[in-house]
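One-letter residues, chain by chain:
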Amino acid sequence: MLDVNSWPWWAVLGYVIIDLSVRVFAVIVVPRNRRPTAAMAWLLAIFFIPVLGILLFLLIGNPKLPRVRRRQQERINEYITDTASNLRLGSLRPDPPEWFPPLVRMSQAMGALPLSGDNSAHLISDYQTSLDDMAEAIRGAADYVHVEFYILQADSSTDNFFRAMEEAAARGIPVRVLLDYWANRWKPKYRETIRRLEKMGADWHLMLPVQPLRGRIQRPDLRNHRKLVVIDGTVGFLGSQNITDSSYNLPKNIRLGLHWVDLMVRVEGPVVASLNAVFLSDYYAETDTVPEGIDITRVETSRGDLDCQIVPSGPGFEVENNLRLFLGLLYAAQDRIMIVSPYFVPDEALLAAVTSAVDRGVQVELFVSEQGDQAMVYHAQRSYYEALLRAGIRIWMYPKPYILHTKSLTIDDQVAVIGSSNMDMRSFGLNMEVSMLVRGEEFVDEMRVVEDDYRSLSRELTLEEWMQQPLRSTVLDNLARLTSALQ
């Protein structure tokens, strides 16, 4: 503590002036273009722990990418908008729900990618099968392979995937790879992974690197959380799974026996061009170049009949594209809502949307993990359970030692969303995510099979059980809830 009583009068006056100036400056600067809860959290941090609070705000207080990268995203959006006007987007399904076209228009206005028809999409729920299916598709590449993952590790589980890339590269097929900087740089297998990419001749780049000596400076906790593969512009994969062993090769996970449960989707049809556009935008953002010979106007229909729209989101956009999509769907639901999210930390708008849905007579179920892998997010999520249970939402706890990592949302029996986005503050404001909106009963039926499987393995959390939580857990949950607003 500072003993100001021993200071000379002029030092005390100077301290008071500086302290008041900082507080006034914080009140003016912090709330600007920031949601009230986040602004209040930052102001409390600055007022009660001023030195640490100010340092943290200067370090991670700006939730947006640097202005140069945001301008890049704007140019990309303009290019995609112009290109999309000349695309053959297939035939859309007739008789959409009244609310669906406006929701699609909103998503396209935010992310510049159109709705397309004549697509096929099939789920892959087994972890190793997903890795092997992507590898098999890569082996069939004739023109190029595009791989973009939050975490990419060469290990025994992913060896087939890496061998497929090596075989494609050996045939002269361009293999382009993007992986997140912070998620990989100091993690297990990083050096082995980079050596393998170098040896095969892959065109690889780290996403969102923080390298001040190279002039690459941005908020250090921004992440590119996307997971996608595109082969020749005709076949694509996206979802929640990273390219790594289901333990993530972390000693703590191995010691606890933790394994991740994920869901990927294989897509064919015009929507693959949109998925490719997301990869190309991220490639351009990291290299300031566009690969030659890639024509996203060349689209091919599939044997499927699904309407699909790719919705990218993240700090490169002006608004929270994924949150607005989720809110629109939740308010449109008439019969039931099924949410699968390992990290469900809603803001006020999302909490109101899911709880008011129950008041409208909509069945709402939430699937989460019984055990968390990230303490702060796990406890922040738990702090909402009482409100959700009291509202009438059913919560299913997927059993440990498995981490249910799937991110999906199904609305009634017609529409679904699958991708990399959680329903938490980080995914809405800090992570670059990619989601796919799908309209078609046959795809929702596939989702229902997966949801039923999750339900059969889970136990239902009741309000009676939850109210018996010890006080120490409640305190931890509420403290974590406060920190979740710091964006």
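Residues numbered from 1 in each chain as written. Predicted model: local features only at pLDDT ≥ 70, side-chain atom pairs only at ≥ 80, totals over all residues. Heavy atoms only, no water.

Q: Just checking my understanding: could you explain the nonpolar core for this structure?
A: Across soluble globular proteins, nonpolar side chains have a tendency to be buried as a group. If you look at the biggest cluster of nonpolar residues, it comprises 46 residues, and the most contacted ones within it are Val265, Val267, Ile310, Met436, Phe443 and Tyr454. When residues of this core are assigned to their parent elements, the largest contribution, nine residues, is made by helix H11 (residues 271–287). Residues contacting valine 267, with those up to four places away along its chain left out, are Ser120, Ala121, Thr234, Val235, Gly236, Leu238, Val272, Leu275 and Met436. By size, the runner-up hydrophobic cluster in this structure holds 45 residues, among which are Ala164, Tyr181, Trp204 and Met264. (Core = buried A, V, L, I, M, F, W, Y, C linked by side-chain atoms within 4.5 Å. Buried < 20%, exposed > 50% of the residue type's maximum accessible area, 1.4 Å probe, protein only. Helix = DSSP H or I, 4+ residues; strand = E, 2+ residues; numbered from the N terminus. Contact = heavy atoms within 4.5 Å.)

Q: Sorry if this is basic, but what is going on with the packing of aromatic side chains here?
A: For any pair of aromatic rings, the description consists of the separation of the ring centres together with the inter-plane angle of the planes. Taken as a whole and judged by the stated rule, the model has 11 aromatic pairs. Relative to tryptophan 182, the ring of tyrosine 181 has its centre 5.4 Å away and its plane inclined at 80°; by these criteria the two rings are edge-to-face. Stacked on the ring of tryptophan 186, the Lys or Arg arginine 185 has its end atom at 5.4 Å from the ring centre. The side chain of arginine 439 reaches across the aromatic face of phenylalanine 100, ending 5.9 Å from its centre. (Phe/Tyr/Trp six-rings, centres within 6.5 Å; stacked < 30°, edge-to-face > 60°. Lys NZ or Arg CZ within 6 Å of the ring centre and 35° of its normal.)

Q: Any chance you could explain unusual backbone geometry here in plain terms?
A: Excluding glycine, residues mostly carry a negative phi; peptide bonds, for their part, are mostly trans. Lysine 400 connects to proline 401 through a cis peptide bond whose omega is 15°. With respect to the helices and strands, the residue proline 401 is situated in the loop between strand E13 (394–398) and strand E14 (402–404). One non-glycine residue with positive phi stands out, namely lysine 189, at about 75°. Relative to the assigned elements, lysine 189 resides in the loop between helix H8 (181–184) and helix H9 (190–200). A residue is classified by how much of its surface remains accessible, and lysine 189, at 31% relative accessible area, is partly exposed. Positive phi values are uncommon outside glycine, yet tyrosine 248 reaches one of about 65°.

Q: Honestly, the pattern of salt bridges in this entry has me stumped. Any pointers?
A: A side chain of one charge can pair with a side chain of the opposite charge if their charged atoms are brought near each other. Tallied over the full model, the rule gives 20 salt bridges. The residue aspartate 307 makes a salt bridge to arginine 439 at a minimum N-O spacing of 3.6 Å. Separated by 132 residues along the polypeptide, aspartate 307 in strand E10 (residues 306–313) and arginine 439 in strand E17 (residues 431–439) bring together distant segments of the chain. This pair shows no difference in class: aspartate 307 is buried, exactly as arginine 439 is. Taken together, the salt bridges that share partners define one network made up of Arg93, Asp305, Glu441 and Glu442. (Salt bridge = Lys/Arg side-chain N within 4 Å of Asp/Glu carboxyl O.)

Q: Honestly, the packing of helix H12 (residues 321–332) against helix H13 (residues 348–359) in this entry has me stumped. Any pointers?
A: Describing two packed helices takes the angle between their axes plus the distance from one axis to the other. Close contact between H12 and H13 brings their axes to 9 Å; oriented N to C, the two are set at 15°. In terms of orientation, H12 and H13 fall into the roughly parallel class. Between H12 and H13 the crossing geometry is left-handed. Of H13, the residues touching H12 (which contributes Leu323, Leu327, Leu330 and Tyr331) are Ala349, Leu350, Ala352, Ala353, Val354, Ser356 and Ala357. A class-by-class count of the residues in the contact of H12 with H13 yields 10 nonpolar, one polar and no charged. (Axes fitted to C-alpha atoms, helices over the stretch in contact; angles between N-to-C directions. Parallel < 35°, antiparallel > 145°, perpendicular 65-115°, else oblique. Left-handed = near helix turned anticlockwise from the far one by under 90°. Nonpolar A, V, L, I, M, F, W, Y, C, P; charged D, E, K, R; others polar.)

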